[in-house]
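# Understanding the architecture of this molecule
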Amino acid sequence: MNQAIHFRTSLFDVSKERKNPINPIYGLSLLEWLRKELSDELAISEPDAEDWGWYSELEFEGNNYLIGSCAFFEQGDDPTAELEWVFQVDKYRSFKEKLLGKNKMSTSDGCFVYFKELLEKHPDIKEVQVG
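I will try to describe carefully the structure that is included in this document. Remember, it's a predicted structure, so these values are computed and weren't measured experimentally. (Residues numbered from 1 in each chain as written. Predicted model: local features only at pLDDT ≥ 70, side-chain atom pairs only at ≥ 80, totals over all residues. Heavy atoms only, no water.)

This next bit is on the pattern of salt bridges. Enumeration according to the criterion identifies 7 salt bridges in this entry. Among the ionic pairs, Lys 16 bridges to Asp 13, the shortest N-O distance being 3.9 Å. By relative accessible area, which is 70% here, Lys 16 ends up exposed. Ionic pairing is found between Glu 46 and Arg 35, a salt bridge with its closest N-O pair at 2.7 Å. Here Glu 46 is found in the loop between helix H1 (28-37) and strand S2 (48-50), whereas its partner Arg 35 is found in helix H1, with 11 residues between them in sequence. With a relative accessible area of 46%, Glu 46 lands in the partly exposed category. Linked through salt bridges whose partners overlap, the residues forming this network are Arg 8, Glu 82 and Lys 126. (Salt bridge = Lys/Arg side-chain N within 4 Å of Asp/Glu carboxyl O. Buried < 20%, exposed > 50% of the residue type's maximum accessible area, 1.4 Å probe, protein only. Helix = DSSP H or I, 4+ residues; strand = E, 2+ residues; numbered from the N terminus.)

Next up on the list: the side chain of Ser 69. With respect to the helices and strands, the residue Ser 69 is situated in strand S4 (residues 63-72). What makes Ser 69 buried here is its relative accessible area of 1%. At 2.5 Å, the side chain of Ser 69 and the backbone oxygen of Gly 27 are in polar contact. Ignoring anything within four residues of it in the chain, the contact list for Ser 69 reads Tyr 26, Gly 27, Leu 28, Leu 30, Leu 31, Trp 52, Gly 53, Trp 54, Val 86 and Phe 87. (Polar contact = N/O pair within 3.5 Å; in protein donor to acceptor, adjacent residues only side chain to side chain. Contact = heavy atoms within 4.5 Å.)

All right, on to the packing of aromatic side chains then. Given two aromatic rings, their pairing is described by the distance between the two centres and the angle made by the two planes. For the structure on display, the rule yields 8 aromatic pairs. Centroid distance Phe 60 to Tyr 114: 5.4 Å. Interplanar angle 50°. Geometry classified as tilted. With a gap of 54 residues between them, Phe 60 in strand S3 (residues 53-60) and Tyr 114 in helix H3 (residues 110-121) connect regions that are remote in the sequence. Accessibility classification places Phe 60 together with Tyr 114 in one group, the buried group. Clustering of aromatic rings is evident, with ring pairs tying together Phe 60, Tyr 65, Phe 87, Tyr 114 and Phe 115. (Phe/Tyr/Trp six-rings, centres within 6.5 Å; stacked < 30°, edge-to-face > 60°.)

The next thing to look at is a nonpolar patch on the surface. Where nonpolar side chains cluster on the molecular surface, the patch consists of Phe 95, Leu 99 and Leu 100 and spans about 390 Å² of accessible area. Tracing the backbone shows Leu 99 in helix H2 (residues 95-100). For Leu 99, a relative accessible area of 62% puts it in the exposed group. (Patch = residues over 30% accessible without salt bridge, like charges linked within 9 Å, V, L, I, M, F, W, Y side chains within 5 Å. Areas by Shrake-Rupley, 256 points an atom, 1.4 Å probe, with all protein chains shown as cover.)

Right, let's get into the nonpolar core. One finds Phe 7, Leu 34, Leu 58, Phe 87 and Phe 115 to be the most contacted residues of the largest nonpolar core, which totals 33 residues. Mapped onto this core, the elements with two or more residues apiece are strand S1 (3-9), H1, S3, S4, strand S5 (83-91), H3 and strand S6 (125-130). Excluding its chain neighbours within four sequence positions, the residues that come into contact with Leu 58 are Leu 42, Ala 43, Ile 44, Asn 63, Asn 64, Tyr 65, Ile 67, Cys 111 and Phe 115. (Core = buried A, V, L, I, M, F, W, Y, C linked by side-chain atoms within 4.5 Å.)

Let's shift gears to the sheet that holds S5. Neighbouring strands of a sheet are bound in pairs by backbone hydrogen bonds; such pairs are parallel or else antiparallel. Judged by pairing direction, the sheet is antiparallel, and its 6 strands sit side by side in the order S2-S3-S4-S5-S1-S6 without closing on themselves. Two strands in the sheet have a free side with no partner beyond their single neighbour: S2 and S6. The mean inter-strand angle of the sheet, taken between neighbouring strand axes irrespective of direction, is 30°. Both S1 and S5 contribute to a ladder of 7 bridges, which runs antiparallel. Each residue of the ladder has a partner; that of Thr 9, found in S5, is Leu 83. Sheet contacts for H1: S1, S3, S4 and S5; angle to S5, the most-contacted strand, approximately 60°. Sitting on the sheet, H3 is in contact with S1, S3, S4, S5 and S6, with an inclination near 10° to S1. (Pairing = 2+ DSSP bridges. Axes fitted to C-alpha atoms, helices over the stretch in contact; angles between N-to-C directions.)

Shown next, in the form of C-alpha cells:
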C-alpha cells in the first residue's frame, strides 16, 4: 500500500510543466525538482506520466520504490499561487514478500521518512501532513 504526504507550496509553477499525455494532471515539477536536489544522494528516474499524475522510480536502502506526485490545479487558477500537492511513496515487493506479509510499506519506512523530513524542513513547503 502506498503512503501519501500532503502539503502546500508555491515553490513550483505548474503552468511551465510539459503536458501529461494521459490525463491533464500536474505534478511533474516536484519530481524534477527532487531529481535535481537529490542527484548527489539518490538516482531518481526520469519522471513519466500516469493517469493519476506523474511518477519516478528509485532505489533506497536496498529496496525499490515508486514515488508519485500531483498538484491540485485547474485552468484559470493562478499557477504561482500556493497549491495543494500529494506526494506518494510505494515500495515494490516480491510475490513471496507479499505472500508472507513481509517488507510492507508504512509511514515508518526509511524512504517515506526521508522524503517526509525533506519536505518538512523546506522553508517554502507548508502544512506537511501524512494521510
